[in-house]
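Examining the three-dimensional arrangement
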Amino acid sequence: MDINRSDKPWVLHLYVVGMTLAAKRALFNITAICEERLAGAYSLDVIDLIENPALAEGHQIFAVPTLVRQLPHPLRKVIGDLSEPEKVLAALDLHAHALV
Amino acid sequence: MTTESLQPIQPPSDLARIVLECSVDGLLVIDSDGFVLFANPAAIALFAGRTAELAGFHLGAPAIHESVEIILPGGDGARYVEMRSTEIVWGGHTASLASLRDITDRKRAEKALESSEQRYRSTLEAAPDAVVVFNANRQIVLVNTQAERMFGHPRVALLQGNIDLLFPERFRQGLSGLSARYAADPSHEAPEKVGTPAELFGLRGDGAEFPIEMGVSRLETDDGELILAAIRDVTERKKMEQRSRQLEIMAAEAETANKAKSMFLSTMSHEIRTPMNAILGYSQLMARDPNLPPEAKSYLQIINRSGEHLLGIINDVLDMAKIEAGRSQITARKFAVLGLLRDLDAMFRLRAQAKGVQFEWLLSGEPVEYILADEGKIRQILINLLGNAVKFTERGRISLRVSLTYRAGGQIWLSAQVEDSGIGIAIEEQRELFQPFVQGEAGQRGRHGGTGLGLAISKGAAHLMGGDVTVRSSPGQGSVFSLEIPVERSTAPDFRGDSGERRRVLGIQGGQDAPRILIADDVADNRDWLSALLEGLGFSVRSAENGESAVSLWRLFNPQLILMDVHMPGMDGIEACRLIRSSAGGKDTVIIILSADVTSDRRSLVFENEVNDFIAKPCSESELLEKIGAHLCLSYTYEENTPSEKAEPGAADPVGFDPKLLRKLPADLISQLRDATLNGDKALLDKLILGISKSGDPLSARGLQELADTYQYDKLIDLLASH
């Protein structure tokens, strides 16, 4: 899978190991944030390391759930269940991004 | 973002470092871009294997409200971590202090528990029974797929309902008692069966009831006490049980009926034969009355023939019943095969010739003169086979070939083949041929009469002797019936000269010219019988049907002996005798008068001293031969002495049985015998008697057996009662 190919300006990857409670919460939270802030301008993929364990190494994932901002550059990472929207916005540098 | 509200933290002092290093929890300081600024040894240990240098590596900024379970992947060594984070100021910048607590062990334990629950579930699913778990409120909390199927409710419906859903109204009270009992007495430990299988039913979703069996046990859980019910649908088993009960009843009924049938038949045997003997005997006696008008004579003949026919049928039916009931027994004794064949020859030669059919027989194989076998049964079988052959053959010939040959194991076999050139039998009829109560083509029945049991009896008797009767035939090509039975070679039976038993004459001893005998009798049956008998023994015989022809034959044939009937049309016997005696050489001929009416004929014999002897009719074969032998100074060959009638079951009294011997038997055995007799339980009786024989009292056993075999239960009871 070529994770960098997308026609959207925002490309997000959520790394999980199985759909644990934390993973489900993370997916729910980030989807809500994206829909609010980036509707139509983002792509979000869930990458389950159970199916592709090798990706953990390649993408430098040390803990899951980890949300990776693949685009725009630079690469940013957030870990946890993303249950603090403020922190997520800060970490992804979404504050500067105008509300749609 | 402001940092004033945050607690400024300086890079740790020495003391703080020591505290951090001793912390069991991992502690990380992560900047707002997600890079690790500081990690204590516990944190480093958590990431061991992934990165040697934690400081500076890009973990990600924590976005956690309170705490979250994260996973540190690493193949098999994945660790489960509970993560918390707080914002701090580190070196003048906003950062996160994350604490990481390793909860891997707890997670593993949870997983193990989960999988054991899974196993528990799959066990439930694998169980053949429907399993329903319900709580103290009778609410169903767990079911397996079998329960869904058995009760015809989807799982959801079951889990929303209570156990009343599963049982007909009338059982609900009892079941609530069940849960109440469990609530009241938690000491129940072993699973308990509720109700007996006969009385508990389940209720299906479609309203149908079905018999069940249910076992329950108590489960102690965190959610309180639960009751597990394992339920089995026993519809099929009930059916099977019912069927086997029915079979048992039927078998018992059949056994009773069979016993009744045996008793009935033994009674019938006696009850029918006795009057039949009277009918036959008196009709024969009456037929000899010379003063009887001819039509009355012919009526009597009809009575006689019908009576004999009827007796034959009765005997057939009784024989068949005996064989079917397994009551037919083998009575083996020593006898000469040749003697048997001569008897058969005497019986069938005339009958065959009367139809213009040739009859021949041949004995071949081993030169065995005497064998040990059940002569009566062999004779019966061969008479049946020959009788059929004569019946169904209109022209050509009938042959009886008997051979004795050694076969595997040194066993000697008697093989007899009756071949005819008769109508033959179609293949599909051959199968039915040996079935009792099935006759050949309907047309044949009308033509030949009879019970059609003969072959079934023959086959049954042959089986009893360890052999078989088989047929080879095709329509129009004649038939070959074969009897094959194993026999034993035997020596000449012991001669018991003083036993008073008459021995059967087999023939005139060799070296003598065939003595010439003239038979004068107006009744063809009498002539035929006598001449067949005498010719069979080696005499030369001529017959005359009245006085005139007797006299003229005497002149031509010059017999040594005349068997003269008295009453004949035209010249009667007395006149014929006078004529012969008064002729030249007439005094040298032996004349024996045969007469049915002893008194009146004797009176009329004024010439009594002119005849040599007098025999009353019906004359017995042995008396006749004895007198002929005496007058002509002949020596006969005899069949070896066998008590032919006595050995048959049905003979009057047990031979040589001393009732005193019974005193030696234990009292309880006597009472068992008595009970068996009173119940008419022949099988038990046989068993008990066999026991007596084995315990070393064969004499008592034989005596009792004879009484039992002839159903002389009254006598048995008398005997047993006196002890």
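Residues numbered from 1 in each chain as written. Chains lettered and ligands numbered in written order. Predicted model: local features only at pLDDT ≥ 70, side-chain atom pairs only at ≥ 80, totals over all residues.

Let us now look at the overall build of chain B. Per the secondary structure count, chain B includes 22 helices and 27 strands. Buried residues in chain B amount to 28% of all 723 residues. Expressed as a percentage of contacts within chain B between residues at least 6 apart in sequence, the contacts between residues at least 24 apart total 61%. (Helix = DSSP H or I, 4+ residues; strand = E, 2+ residues; numbered from the N terminus. Buried ≥ 20, exposed ≤ 12 C-beta atoms within 10 Å, placed from the backbone. Contact = placed C-beta atoms within 7 Å.)

Before going further, it helps to spend a moment on the overall build of chain A. Helix and strand content of chain A: 3 helices and 4 strands. From first element to last, N terminus to C terminus, chain A shows the α and β order β-α-β-α-β-β-α. Counting every position in chain A, which comprises 100 residues, the buried fraction comes to 39%.

Facing the 23 residues of chain B at the interface are 27 residues of chain A. Mapped onto the side of chain B that touches chain A, the elements with two or more residues apiece are β4 (61-62) and β5 (67-72) of chain B. With 5 residues, β5(B) is the largest single contributor of residues to the side of chain B that touches chain A. Split by residue class, the side of chain B that touches chain A holds 14 nonpolar, 6 polar and 3 charged. In this structure, strand β4 (residues 76-79) of chain A lies alongside β4(B), joined through 2 bridges in parallel fashion. Residue pairing in the sheet places I79(A) in a bridge with P62(B) of β4(B). (Nonpolar A, V, L, I, M, F, W, Y, C, P; charged D, E, K, R; others polar. Pairing = 2+ DSSP bridges.)

This part is about helix α13 (residues 454-464) of chain B. All names here are of chain B. Of all 11 residues that make up α13, 9 are buried, and the element is covered over most of its length. Residues G454, L455, A456, I457, S458, K459, G460, A461 and A462 constitute the buried set of α13. Where α13 is buried, its residues meet α8 (294-324), α10 (375-391), α11 (427-433), β19 (468-473) and β20 (479-490). Where α13 ends, the next residue or the one after it, G466, has phi of about 85 degrees, a positive value.

Here we come to the sheet that holds β4(B). Ordered in space as β2(A)-β1(A)-β3(A)-β4(A)-β4(B), the 5 strands form an open sheet in which the pairing is mixed. The sheet terminates laterally at β2 (42-48) of chain A together with β4 of chain B, the two strands that pair on one side only. The pairing of strand β3 (residues 66-71) of chain A with β4(A) spans 4 bridges and is antiparallel. If you follow T66(A) over to β4(A), its bridge partner there is I79(A). Its contacts with the sheet place helix α1 (residues 21-37) of chain A against β1 (10-16), β2 and β3 of chain A, and it is angled at close to 170 degrees to β1(A). (Axes fitted to C-alpha atoms, helices over the stretch in contact; angles between N-to-C directions.)

The nonpolar side chains of a soluble globular protein tend to be buried with one another. All names here are of chain B. Residues L386, A520 and M564 are the most contacted members of the largest nonpolar core, which totals 75 residues. Ranked by residues supplied to this core, first place goes to α10 with 7 residues. If near-sequence neighbours (up to four positions away) are discounted, M564 is found in contact with A520, A550, G573, A576, C577, I591, I592, I593 and L594. Within the second largest apolar cluster, 51 residues are counted, among which are A42, A61, V81 and A95. (Core = buried A, V, L, I, M, F, W, Y, C linked by C-beta atoms within 7 Å.)

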